[in-house]
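# Coordinates in review
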Amino acid sequence: MEISLSGKLAVVTGGSRGLGRGFATSLLEKGAKVVILDIGKEEGEETLKKLQEQFGKDNVYFYRCDVTDRKQFEDTMATIDKDVGRLSVMVNNAGIFNEQDWEKMISINLVAMIRGTKLATDLMKKDNGGDGGVVLNISSIAGLGWYMNSEVYCASKFGVVGFTKSMALNSDTLKWDIRYLCMCPAFADTALIGAIKESTGLHKEVDTGIEKAGGILSVQEVADGFMKMILTSDNGGLAVISKMGLTYKQDEQK
Ligand SMILES: NC(=O)C1=CN([C@@H]2O[C@H](COP(=O)(O)OP(=O)(O)OC[C@H]3O[C@@H](n4cnc5c(N)ncnc54)[C@H](O)[C@@H]3O)[C@@H](O)[C@H]2O)C=CC1
Ligand SMILES: CCC(=O)/C=C/C=C\C[C@@H](O)/C=C/C=C/C=C\[C@@H](O)CCCC(=O)O
């Protein structure tokens, strides 16, 4: 069964550019209100302006927020709840690739994703005055398999899969009426590819890997898979988005 997103409030972390901007756009196309959280002020304001022109001033918001800053993240989510409305969709998407600054990478890719999930759960759970909803966490194919020179990135993305699948099994999930979903994109056409090449030193290999996978995914292709999951996936849905389309793991979904 498909849910309706019309008038629902969604938060997208790392939504100023790349996949996050694609997710924000597809949520707006379905009639949701979207709040973008991002550390990049200029890029965020530019994206806000463009999306407001397209979807209306009252439907798009941008808050500058470093998701690794616990207080900032908590305060921003509380402000959204007070000033914008009741949360229904949380997309923990912010992520970096930097094996050299690996503690920072763990803080963004894993710790902030956990914090975002917990903050959203508190706002959405029905036994706390919320309306229920969906949390979709962005992992990677590097969260299901092994990649050269990418040890900590893989660890962070395996963590996203493990945490999200386990949240979906929480004994209170039904009472909360929240679905916890996880999407694992293959290589997609964003600034992250340059960061992967620079950090791993695998310039040619990454290009070969992309070729072998049938080419690079467009942001739109990833956003289409994302929307399909948001609209139709059962709690615990875990899917890869690749040039083959959206494929659920463990035969747990249609
Ligand atoms: N592009 C790709 O090939 C793939 C990307 N992914 C994942 O998709 C997600 C989005 O990545 P892309 O759009 O590709 O990269 P991107 O670099 O284009 O976008 C990442 C966004 O996150 C924001 N961000 C970074 N640190 C932040 C912080 N501390 N607080 C708030 N925002 C912060 C950045 O400012 C940027 O807007 C990441 O989690 C990434 O690991 C997963 C698989 C493949
Ligand atoms: C979507 C992927 C992601 O989020 C992160 C990926 C991280 C690292 C990628 C890096 O380790 C790439 C490796 C690519 C290897 C590809 C294919 C090899 O089989 C190529 C062999 C090269 C050759 O000998 O020609």
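Scope of this entry: the structure provided in the associated data block. (Residues numbered from 1 in each chain as written. Chains lettered and ligands numbered in written order. Predicted model: local features only at pLDDT ≥ 70, side-chain atom pairs only at ≥ 80, totals over all residues. Heavy atoms only, no water.)

## Focus on the site of ligand 1
Selection criterion: Note on definitions. A residue lies near a molecule or strand when any single heavy atom of the residue is within 4 Å of it. Polar contact criterion, stated in full: a pair of N or O atoms within 3.5 Å, where within protein one must be able to donate a hydrogen and the other to accept it, and residues adjacent in sequence count only if both atoms are side-chain atoms. In short, Shrake-Rupley with a 1.4 Å probe defines the accessible areas, and a residue's cover is counted only from the protein chains shown. Grid points spaced at 1 Å and placed over the protein atoms alone form the basis of the search, with a cavity being a set where a 1.4 Å probe fits but cannot get out and a pocket an open set showing protein on both sides within 12 Å along at least five of seven lines. Lining residues have an atom within 4 Å of a point. For a molecule to be placed in a cavity or pocket, more than half of its atoms must lie within 2 Å of the grid points of that cavity or pocket. Note on conventions: DSSP H or I runs of at least 4 residues are helices, E runs of at least 2 residues are strands, and numbering of each starts at the N terminus. Note on residue classes: Ala, Val, Leu, Ile, Met, Phe, Trp, Tyr, Cys and Pro are nonpolar, Asp, Glu, Lys and Arg are charged, and everything else, Gly too, is polar.
Every one of the 28 residues lining ligand 1 counts as a neighbour, but Asp-38, Asn-93, Tyr-153, Ala-188 and Thr-190 are closest to it. Note that a nitrogen atom of ligand 1 is positioned 3.0 Å from one of the backbone N or O atoms of Val-67. Isolated, ligand 1 exposes 830 Å² of accessible area, and the fraction of that covered by the protein chains is 95%. According to the grid-proximity analysis, the pocket containing ligand 1 is the largest pocket. Of all the secondary structure elements, the ones that give two or more residues to the shell around ligand 1 are helix 1 (18-29), helix 5 (151-168) and helix 7 (192-200). For the shell around ligand 1, the class distribution of residues is 16 nonpolar, 8 polar and 4 charged.

## As for empty space enclosed by the protein
Applicable threshold: Grid points are joined across faces, edges and corners, and a volume is the space filled by probe spheres set on the points.
Overall, the coordinates contain 2 cavities of 30 Å³ or more when judged by the stated rule. Taken as a whole, the largest cavity holds about 40 Å³ of empty space. Lining the largest cavity are Thr-13, Val-67, Phe-73, Asn-92, Asn-93, Ala-94, Ile-108, Ala-112 and Met-113. Residues belonging to the lining of the largest cavity are distributed by class as follows: 6 nonpolar, 3 polar and no charged. Put simply, the second largest cavity is a space of about 30 Å³. In this structure, the second largest cavity is lined by Ala-186, Phe-187, Ala-213, Gly-215, Ser-242 and Lys-243. Per-class residue counts for the lining of the second largest cavity are 3 nonpolar, 2 polar and 1 charged.

## Details of the side chain of Ser-156
Short version of the rule: A 1.4 Å probe rolled over the protein chains alone gives each residue an accessible area, and that area as a share of the maximum for its type sets the label: buried under 20%, exposed over 50%, partly exposed in between. In what follows, residue pairs with any heavy atoms lying within 4.5 Å of each other are defined as contacts.
Structurally, Ser-156 is set in helix 5. When its relative accessible area of 0% is taken as the criterion, Ser-156 is described as buried. Setting aside residues no more than four positions away along its own chain, Ser-156 makes contact with Ile-106, Asn-109 and Leu-110.

## What about unusual backbone geometry?
A positive phi angle is found at Asn-149, which is not glycine, with a value near 55°. Position of Asn-149 relative to the elements: it lies in the loop between strand 5 (133-138) and helix 5. Residue Asn-149 is classed as partly exposed on the basis of its relative accessible area of 34%. Non-glycine residue Asp-177 carries a positive phi angle of around 60°. When you line up the elements, Asp-177 lands in the loop between helix 6 (173-176) and strand 6 (178-185).

## Looking at the site of ligand 2
Not every one of the 17 residues close to ligand 2 is listed here, only the nearest: Ser-140, Met-148, Ser-150, Tyr-153 and Lys-212. Here Met-148 contributes a backbone N or O atom positioned 2.7 Å from an oxygen atom of ligand 2. In the environment of ligand 2, an oxygen atom lies 3.0 Å from a nitrogen or oxygen atom belonging to the side chain of Tyr-153. Here ligand 2 loses 73% of its free accessible area of 660 Å² to cover by the protein chains. In a pocket analysis with a 2 Å cut-off to the grid points, ligand 2 is assigned to the largest pocket.

## Considering the pattern of salt bridges
Selection criterion: For salt bridges, the criterion is a side-chain nitrogen of Lys or Arg within 4 Å of an Asp or Glu carboxyl oxygen.
Across all of its chains, the model carries 13 salt bridges by this definition. Linking Arg-86 and Asp-131 is a salt bridge whose minimum nitrogen-to-oxygen distance equals 3.4 Å. Residue Arg-86 is located in the loop between helix 3 (70-83) and strand 4 (87-92), and its partner Asp-131 is located in the loop between helix 4 (102-124) and strand 5; the two are separated by 45 residues in the primary sequence. Given a relative accessible area of 47%, Asp-131 falls into the partly exposed group. A salt bridge links Asp-172 to Lys-175, with the shortest nitrogen-to-oxygen separation between them at 3.4 Å. Because the salt bridges share partners, they merge into one network encompassing Asp-127, Asp-172 and Lys-175.

## Notes on the packing of aromatic side chains
Quick note on the threshold: Two aromatic rings from Phe, Tyr or Trp, using only the six-membered ring of Trp, form a pair when their centres are within 6.5 Å; if the ring planes differ by under 30 degrees the pair is stacked, by over 60 it is edge-to-face, and anything between is tilted.
A full pass over the atoms with the stated rule returns 4 aromatic pairs. Here Phe-23 and Phe-226 contribute two aromatic rings whose centre-to-centre distance is 4.3 Å and whose plane-to-plane angle is 20°, an arrangement assigned as stacked. With Phe-23 in helix 1 and Phe-226 in helix 9 (residues 219-232), this residue pair connects regions lying 203 residues apart in the sequence. Both residues of the pair, Phe-23 and Phe-226, belong to the buried class. Aromatic side chains Tyr-147 and Phe-187 sit 6.4 Å apart centroid to centroid with 80° between the ring planes, which places their arrangement in the edge-to-face category.

## Topic: the state of the cysteines
To keep it simple, the criterion reads: Working definition: a disulfide is two cysteine sulfur atoms within 2.5 Å of each other.
Applying the stated criterion to the full structure yields 0 disulfides. Of all cysteine sulfurs, the one in Cys-182 lies closest to Cys-184, which takes part in no disulfide; the gap is 4.5 Å.

Everything listed is a geometric property; what it means functionally is a separate question.
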